[in-house]
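Below are the chains, spelled out letter by letter.
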Amino acid sequence: MRYEFRIDGDISETLAKGFPELEHVVMAGQTVLYGQVLDEAHVYGLLARFQALGLRLAEMRRLPE
């Protein structure tokens, strides 16, 4: 499964390295993290990591394969 997560604001390279399984790009005031997610537990783990790091998730969606 591939997912896209849109985080409000620009995140630093250091924070982006906290998600080594995802690629990232900054666009229009958001940081977009995207990539392969193993299963539903992985999705919840990523959401917990966003929250723990104080990142505000604006949108998430599953991408077509």
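The paragraphs below set out a description of the structure included in this document.

**A short note on the pairing of strand S1 (residues 2-8)**
When a strand is regular, its side chains alternate between the sheet's two faces. Taking burial as the measure, the seven residues of S1 include five buried ones, the bulk of the element. As paired elements, S1 and strand S3 (residues 30-36) share seven bridges and run antiparallel to each other. Note that in S3 the partner of Asp-8 across the bridge is Gln-30. Of the pairings in the sheet, the one linking S1 to strand S4 (residues 57-63) comprises six bridges and is antiparallel in character.

**A closer look at the packing of aromatic side chains**
Evaluated as defined, the whole model comprises three aromatic pairs. With 4.9 Å between their ring centres and 40° between their planes, Phe-19 and Phe-50 make a pair best called tilted. Placement of the pair is Phe-19 in the loop between helix H1 (13-16) and strand S2 (23-27) and Phe-50 in helix H2 (residues 40-52), with a sequence separation of 31 residues. Residues Phe-19 and Phe-50 agree in their burial class; the two are buried. Aromatic rings pair up to connect Tyr-3, Phe-5, Phe-19 and Phe-50 into one cluster.

What counts and how
Residues numbered from 1 in each chain as written. Predicted model: local features only at pLDDT ≥ 70, side-chain atom pairs only at ≥ 80, totals over all residues. Heavy atoms only, no water. Buried < 20%, exposed > 50% of the residue type's maximum accessible area, 1.4 Å probe, protein only. Helix = DSSP H or I, 4+ residues; strand = E, 2+ residues; numbered from the N terminus. Pairing = 2+ DSSP bridges. Phe/Tyr/Trp six-rings, centres within 6.5 Å; stacked < 30°, edge-to-face > 60°.

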